[in-house]
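Each chain, letter by letter, is given below.
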Amino acid sequence: MSTNRVIKLKVLSQSELVKVETSARTFGELKKEEAVAALGIDWTSAKLIDRASKASFEVDEAVLPATDAIMFVMPTKSKA
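Reference entry: report on the structure contained in this document. Everything quoted here is computed from the prediction, not taken from an experiment.

### Here's the deal with the sheet that holds strand β1 (residues 5–11)
Strand order across the open sheet formed by 5 strands is β2-β1-β5-β3-β4, with mixed pairing between neighbours. The open sheet is flanked by β2 (18–22) and β4 (56–57), the only strands paired with a single partner. Examined bridge by bridge, β1 and β2 share 5 bridges and lie antiparallel to one another. Along β2, the bridge assignment pairs R5 with T22.

What follows is the structure, given as structure tokens:
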């Protein structure tokens, strides 16, 4: 069953939200989406945080929200 929803990504390097229409169920599937892959995010040093639930998505098996969502792409490592 493929239920498309819109996940909007807030990436620190861009001022606008990046809209991704997807049927991905897991974080790993979302990372493989063409629109997400085109952002060139190094996922080894970044994670997703859901704005509504404050849930953090770091492992590929993490199940994404089933509805439209806004996610923040946050670095897990700093350069300091």
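### Side note on the environment of M71
In this structure, M71 sits in strand β5 (residues 69–75). For the pair M71 and V20, spaced 51 residues apart in sequence, the C-alpha separation works out to 11 Å. In contact with M71, other than residues within four places in its own chain, are I7, K8, L9, K10, L48, I49, D50, F57, L64 and P65.

### Some thoughts on the nonpolar core
The biggest cluster of nonpolar side chains holds 18 residues, and the ones touching the most others in it are L9, L30, W43, L48, F57, M71 and V73. Within the residue set of this core, elements represented by two or more residues are β1, β2, α1 (27–32), β3 (46–50) and β5. Among the elements that line this core, the one with the most residues is β1, at 3 residues. Leave out the neighbours within four places in its chain, and L48 touches L9, F27, L30, W43, A55, S56, F57, M71, F72 and V73.

Definitions and cut-offs
- Residues numbered from 1 in each chain as written.
- Predicted model: local features only at pLDDT ≥ 70, side-chain atom pairs only at ≥ 80, totals over all residues.
- Heavy atoms only, no water.
- Pairing = 2+ DSSP bridges.
- Helix = DSSP H or I, 4+ residues; strand = E, 2+ residues; numbered from the N terminus.
- Contact = heavy atoms within 4.5 Å.
- Core = buried A, V, L, I, M, F, W, Y, C linked by side-chain atoms within 4.5 Å.
- Buried < 20%, exposed > 50% of the residue type's maximum accessible area, 1.4 Å probe, protein only.

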